[in-house]
Amino acid sequence: MATATLLLLLSLIPLSFLPFSSPLPADAVLNAAEILSNSGYVSMSLTLQLISSSLTTTPPTTSPSSQPPPPRAATIFSPSDSAFASSGQPSLSLLHLHFSPLAFSLETLRSLPYATRIPTLSPGNSLVVTTPDPTRPVSLNNVTITGSPIFDDGSLIVFGIDAFFDPHFVVPPRIHVPTPSLRCLASQTTPTPSFTSYSFAAASRVLRSREYSVMASCLDLQLPGLLHQQNLTVFAPVDDVLVDLIHNFSDYAAVFRQHVVPCRLTWTDLRDLEEGAVLRTFDDGFGVAVAKANGELVVNGVPVAFPDMYSSDWLVVHGLRPVIGEAPETSPEFGGEERIGPDRNEF
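Model, not experiment: these values are computed from the prediction.

Considerations on the overall build of the protein chain
So, step 1. Along the backbone of the protein chain there are eleven helices and 15 strands.
So, step 2. When burial is assessed residue by residue, the protein chain has 50% of its 347 residues classed as buried.
So, step 3. Long-range pairs, those at least 24 residues apart, make up 70% of the contacts in the protein chain between residues at least 6 apart in sequence.
So, step 4. For the protein chain, the exposed surface amounts to about 16,100 Å²; the carbon and sulfur share of it is 55%.

A closer look at the packing of aromatic side chains
So, step 1. Summed over all chains, the structure comprises five aromatic pairs.
So, step 2. For the pair F77 and F165, a centre-to-centre distance of 5.7 Å together with 75° between the ring planes defines the contact as edge-to-face. Of the two residues, F77 sits in strand β1 (residues 74-79) while F165 sits in the loop between β8 (156-161) and α7 (201-209), which places them 88 residues apart along the sequence. Summarising the burial analysis for this pair, F77 and F165 share the class buried.
So, step 3. Clustering of aromatic rings is evident, with ring pairs tying together F77, F159 and F165.

What to know about the nonpolar core
So, step 1. Counting residues in hydrophobic clusters, the biggest one holds 65 residues, and the most contacted among them are F77, L109, V299 and L315.
So, step 2. Looking at this core, the element that brings in the most residues is strand β14 (residues 302-311), giving six residues.
So, step 3. Beyond its immediate stretch of four places on either side in the chain, F77 contacts M44, H98, L109, L127, L140, I145, F159, I161 and F165.
So, step 4. Listed in part, the 21 residues of the second largest apolar core include V29, Y41, L95 and L121.

Details of the sheet that holds β1
So, step 1. Spatially, four strands are ordered β2-β1-β8-β7 in an open sheet, and the strand pairing comes out mixed. Either end of the sheet is taken by a strand with one partner, and the two such strands are β2 (99-100) and β7 (151-152).
So, step 2. This element, helix α2 (residues 26-38), spans β1, β7 and β8 of the sheet and lies at about 25° to β8.

Description of the sheet that holds strand β9 (residues 232-237)
So, step 1. Reading across from one edge, β10-β9-β15-β14-β13-β12-β11 is the order of the seven strands in this open sheet, with mixed pairing throughout. The open sheet is flanked by β10 (260-261) and β11 (277-280), the only strands paired with a single partner.
So, step 2. Sheet topology places strand β12 (residues 287-293) next to strand β13 (residues 296-299); four bridges connect them, and they run antiparallel. Paired with K292 across the bridge in β13 is L297.

A look at the pairing of strand β15 (residues 315-320)
So, step 1. The buried fraction of β15 amounts to six of the six residues, a majority that puts the element mostly inside the structure.
So, step 2. Of the two faces of β15, the one holding L315, V317 and G319 and the one holding V316, H318 and L320 are both buried throughout.
So, step 3. Pairing of β9 with β15, which is carried by six bridges, proceeds in the parallel orientation. Residue pairing across strands places P237 opposite L320, the latter belonging to β15.
So, step 4. Sheet topology places β14 next to β15; four bridges connect them, and they run antiparallel. Across the sheet, Y310 pairs through a bridge with V317, a residue of β15.
So, step 5. In textbook terms, the turn of a hairpin is the stretch between consecutive antiparallel strands, and for β14 and β15 this stretch comprises three residues.

A word on the environment of G325
So, step 1. Mapped onto the elements, G325 comes out in the segment after β15.
So, step 2. The partly exposed category is assigned to G325, whose relative accessible area is 32%.
So, step 3. Sequence separation of G325 and G301 is 24 residues, and the distance between their C-alpha atoms is 8.0 Å.
So, step 4. Look past the residues within four positions of G325 in its chain and what remains in contact with it is F286 and N300.

Topic: α2
So, step 1. Between its first and last C-alpha atoms α2 spans 19 Å; for 13 residues at 1.5 Å apiece the expected length is 18 Å, and the two agree.
So, step 2. Buried within α2 we find A28, V29, A32, A33 and L36. One face of α2 carries all of its buried residues, which in axial projection span an arc of 135°.
So, step 3. With its phi angle positive at about 90°, G40 sits one or two positions after the end of α2.

Cut-offs applied
Residues numbered from 1 in each chain as written. Predicted model: local features only at pLDDT ≥ 70, side-chain atom pairs only at ≥ 80, totals over all residues. Heavy atoms only, no water. Helix = DSSP H or I, 4+ residues; strand = E, 2+ residues; numbered from the N terminus. Buried < 20%, exposed > 50% of the residue type's maximum accessible area, 1.4 Å probe, protein only. Contact = heavy atoms within 4.5 Å. Areas by Shrake-Rupley, 256 points an atom, 1.4 Å probe, with all protein chains shown as cover. Phe/Tyr/Trp six-rings, centres within 6.5 Å; stacked < 30°, edge-to-face > 60°. Core = buried A, V, L, I, M, F, W, Y, C linked by side-chain atoms within 4.5 Å. Pairing = 2+ DSSP bridges. Axes fitted to C-alpha atoms, helices over the stretch in contact; angles between N-to-C directions. Expected span 1.5 Å × (residues − 1). Arc of directions from axis to C-beta.

Have a look at this one:
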């Protein structure tokens, strides 16, 4: 038994060079390792302990970079100890397949349509949603996720699985990929929705639980005009970035409006948009360009770190690390048509 454990540890040492693009808080990784060990996932616990420094340290750069800091979020799908024992020494590439540089809650995974692809740290490989319908347990690559997260502190989410993902898994191609329903038009004939029908309370609670309290406070303020718009997407920067960036309370409203789009767009909807699509925000003249870079979904160059953090039938919130900057001026308008946006008279 000791020999098998030693071989496992030796096989995992190369993970110290794990190309993880999103450094995580050190205590998050160590706490996750402890919870995994206490929950019977000793092999993955040892893995995390061995690679903790590579996950929590930003790689040095040889020259100043204008790129925003990477997001602090990830999802780990942890095979059981029996899976480690039966698979022998897992390769580095296979282990990479079980790390995603995005944070997915169980609710988000359950909401993703069949055949949706989830990015991983394995170059050129992604996981595929294979959940047959929303009433069944969530499965990826035909491997079922075993219940609620083992660990979830808002930046790192860990799920248990009973087997390793098959890197050669192939899902039948989708016969038809429907155009996303943007649901962008404000109601022009109905009165302002009531606070009970269109309340931000549930979204605010989720945001506060994951270190997005500043954006939660903006939602709580019910800024003028938002309740006239029935369908919204909020791109929420994390607290410490907003606190460092904004020093005057009056600036929050402007920044907030630049991060709200008058459409309900899930992560899947955003991925299905044409490359370079520009969405109008509640800040007049400020657009959000949607693109894909290095396998990640980005808005004005900022990666979406926590997709579908909150989702209802009229509101979606995506978590970001930095704030959104200006969209490239060369980006085409969304759909090549008139910009989609709210009526400025609402403000």
